[in-house]
Amino acid sequence: MAAPPAEAPARCDLVIRGGEVIDGTGAPRRRADLAVAGERVVAIGDLGRTAGAVEIDASGRAVAPGFIDVHTHDDRLLLSGPDMAPKVSQGVTTVIAGNCGISLAPLRLTRRPPPPLDLLGDERWWHFGDFGTYAEAIERAPAATNVAMLVGHSTLRVGTMDSLDRPARDGEVERMRALLAESLRQGAIGLSTGLFYPTARSAPTDEVVAIAGTLKALGGLYVTHMRDEADHVEESIDETLEIGRRAGVPVVISHHKTVGRRNFGRTRETLAKIERARARQAVGLDVYPYIASSSVISIERIRMGIPVLVSWSVPHPEAAGRDLDDVAAEWGCDRVEAAERLKPGGAIYFQLDEEDVRRVLSYPHAMIGSDGLPHDARPHPRLWGTFPRVLGHYARDLGLFGLEEAVRRMTGLPAACFGIADRGVVRAGAFADLVVFDPLTVIDRATFDEPVRPAAGIDAVVVNGRVVWRAGASTGDRPGRLLRRGSGAGPSPSSAR
Ligand SMILES: [Zn+2]
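Residues numbered from 1 in each chain as written. Predicted model: local features only at pLDDT ≥ 70, side-chain atom pairs only at ≥ 80, totals over all residues.

Peer 1: Sorry, what's going on with the packing of helix α6 (residues 205-212) against helix α8 (residues 233-247) here?
Peer 2: Pairs of packed helices are described in terms of their axes, by the angle between the two and the distance that separates them. Relative to each other, α6 and α8 sit at 40 degrees, their axes nearing to 9 Å. Both α6 and α8 take part in a crossing whose hand is right-handed. Contacts from Thr-205, Val-208, Val-209 and Ala-212 in α6 reach Glu-239, Glu-242, Ile-243, Arg-246 and Ala-247 in α8. Of the residues contributing to the contact of α6 with α8, the split by class is five nonpolar, one polar and three charged. (Axes fitted to C-alpha atoms, helices over the stretch in contact; angles between N-to-C directions. Helix = DSSP H or I, 4+ residues; strand = E, 2+ residues; numbered from the N terminus. Left-handed = near helix turned anticlockwise from the far one by under 90°. Contact = placed C-beta atoms within 7 Å. Nonpolar A, V, L, I, M, F, W, Y, C, P; charged D, E, K, R; others polar.)

Peer 1: Looking at this structure, I do not really get helix α14 (residues 382-397). What am I missing?
Peer 2: The periodicity of an α-helix, 3.6 residues per turn, causes residues three or four places apart in sequence to face the same way. Between its first and last C-alpha atoms α14 spans 18 Å; for 16 residues at 1.5 Å apiece the expected length is 22 Å, and the helix comes up short by more than 12%. Maximum bend of α14: about 55 degrees, positioned at Arg-389. Among the 16 residues in α14, 12 count as buried, and that is most of the element. Every buried residue of α14 is accounted for by Arg-382, Leu-383, Trp-384, Gly-385, Thr-386, Phe-387, Pro-388, Arg-389, Val-390, Leu-391, Gly-392 and Ala-395. The inward-facing, buried residues of α14 abut β6 (67-69), α2 (85-88), β7 (92-97), β18 (366-368), α15 (403-410) and β20 (458-463). Of the residues flanking the end of α14, it is Gly-399, one or two places downstream, whose phi is positive at about 70 degrees. (Expected span 1.5 Å × (residues − 1). Bend = angle between axes of the 7 residues up to and from the residue. Buried ≥ 20, exposed ≤ 12 C-beta atoms within 10 Å, placed from the backbone.)

Peer 1: Would you mind showing me how to read the domain arrangement of the chain here?
Peer 2: Interfaces are often sized by the amount of accessible area the parts lose when they come together. If you check the domain split of the chain, you get domain 1 (11-65 + 424-474), domain 2 (67-297 + 347-418) and domain 3 (298-346). Placing a centre on the C-alpha atoms of domain 1 and another on those of domain 3 gives a separation of 42 Å. (Domains from an automatic or database assignment.)

Peer 1: Looking at this model, I keep getting lost on helix α12 (residues 335-342). Mind explaining?
Peer 2: Looking at α12, one finds that the buried residues are Ala-338, Ala-339 and Leu-342. Along α12, the residues classed as buried sweep out an arc of 100 degrees about the axis, all on the same side. Where α12 is buried, its residues touch α10 (299-302), β16 (308-313), α11 (324-331) and β17 (345-350). (Arc of directions from axis to C-beta.)

Peer 1: What's the story with the nonpolar core in this structure? I'm lost.
Peer 2: Considering soluble globular proteins, one finds that nonpolar side chains tend to be buried as a cluster. Ranked by internal contacts, the top residues of the largest apolar core, which has 151 residues, are Leu-34, Val-63, Val-147 and Tyr-222. Ranked by the residues each element gives to this core, the list is headed by α14, at six residues. Look past the residues within four positions of Leu-34 in its chain and what remains in contact with it is Val-15, Ile-16, Val-21, Val-41, Ile-44 and Val-63. (Core = buried A, V, L, I, M, F, W, Y, C linked by C-beta atoms within 7 Å.)

Peer 1: Where do I start with the sheet that holds β18 in this structure?
Peer 2: Strand pairing in a sheet relies on backbone hydrogen bonds. The paired strands run either parallel or antiparallel. Strands sit in the order β6-β7-β10-β11-β12-β13-β14-β18 across an open sheet of eight strands; the sheet is parallel. The sheet is open, and its two edges are formed by β6 and β18, each paired on a single side. Within the sheet, the average angular offset between the axes of one strand and its neighbour, ignoring direction, is 30 degrees. Here three bridges tie strand β13 (residues 251-253) to strand β14 (residues 283-287), and the two strands are oriented parallel to one another. Pairing of Val-251 across the sheet is with Val-283, part of β14. Along the sheet, helix α4 (residues 153-160) makes contact with β10 (146-152) and β11 (190-194), crossing β10 at roughly 50 degrees. (Pairing = 2+ DSSP bridges.)

Peer 1: Honestly, the sheet that holds β17 in this entry has me stumped. Any pointers?
Peer 2: The three strands are arranged β15-β17-β16 in an open sheet whose pairing can be described as antiparallel. Taken across any chain shown, the strands that pair with only one partner, and hence form the sheet edges, are β15 (292-296) and β16. Each adjacent strand pair in this sheet contributes to an overall mean axis angle of 20 degrees, direction not counted.

Peer 1: I tried to follow the pairing of β20 on my own but got confused; where do I start?
Peer 2: As a general feature of sheets, a regular strand has side chains that alternate between the two faces. Counting buried positions over the six residues of β20 gives six, a clear majority of the element. Bridge analysis of β20 against strand β21 (residues 466-470) gives four bridges, and the strand direction is antiparallel. When the sheet's bridge partners are listed, Val-462 is paired in β21 with Val-467. Counting the residues between successive antiparallel strands, the hairpin from β20 to β21 contains two residues, one of them, Asn-464, with a positive phi of roughly 50 degrees.

Dropping the structure here:
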């Protein structure tokens, strides 16, 4: 171990001793102790003479920056389940919420929201008329993790337009621009769209460019669940890049994939397209490590004939967790009729190719995002399993990349992309968002049959210097913050690493 650093204190709040530090930059691991005082790491090295009020023995373990889950729908979970167990149990210390055009603010509703907004709950949960009120709620009753929030385009449309099956009129675009600008000033970090969904499908590119035009001056970025991830996925990437260029902002392509059997293998072309674009403009992307997607019930997807599991249903809660075809057989109808009867509800669609999943995961600029749906009765296992699955299954067992690279894609890379300052890295002076895990045993245990199971191998999780997960359970501490966009810019244009 290195010599004691000059700044090593005699006493501090927390010492993590004897672990292999993986610092989030991709650099090789090195054996070192870590001292934390207050919310920051204060020293790294041989801290044999430093005593911690709390000591964690990390021998044989990896010590990494807490993971940043860049793609979540945790807007409501932060309030209704603030221990954030699905996330901290995986080593996640920061979530980016408000994705796919869906954000809980700014929108006040007295009736059930249209799908997919109802992923976050019925009208009882939609009472934040402006972003500042949501930010205050988070700051008044913090969660265990930090959060940075996007403003959803569909949320803006639902709050602004009397019908969603048409382009927004000029006055409506102005109103959405004003709401977005106000939200950014109150702490949001960017705009998300879900142009695939009925709530936003009728929005032309120009509408999105006009709204996204607000971002540049206020330092926000544009994140998108694209219009088409199937036959027209390349046109959708072109549209995304065009929006980024015309609005003058960085873009992030959410949960990148190519959907449906006839599009299997097309990630070769899509990644090449993204790689070429990166020479001209700032482009990021994220991916989840599974061959099934999950969302609200989509008749279009159900018609594709792929295997489908029901994840929740308001009229038939007993169907959650069942195969859609089994439900249809029992009801003596076809799967489309069964799906119609299950609405409003959600489903899991087995529509991706394992080779595509591995190809996107292997792309050096791909971040990891769970896309977990925390309010589904029988959620997709990605909610509880994403990060340990990448570390244990894809990095360690299949050898897609090394552990240091896996950690970089969950920490340093997303912190740079989303402009999150002083996190996503282990260094003296950075915030003490940390995870201690066993590289030999870390693995997801959530499955499609048993989706609510914490991962194995996550020893301890620290957020802003305080331990939130230890020995397989939440500690009850909730030191999370609302993170505002830092001074760091978005992903900078560059050619291949
Ligand atoms: Zn999405």
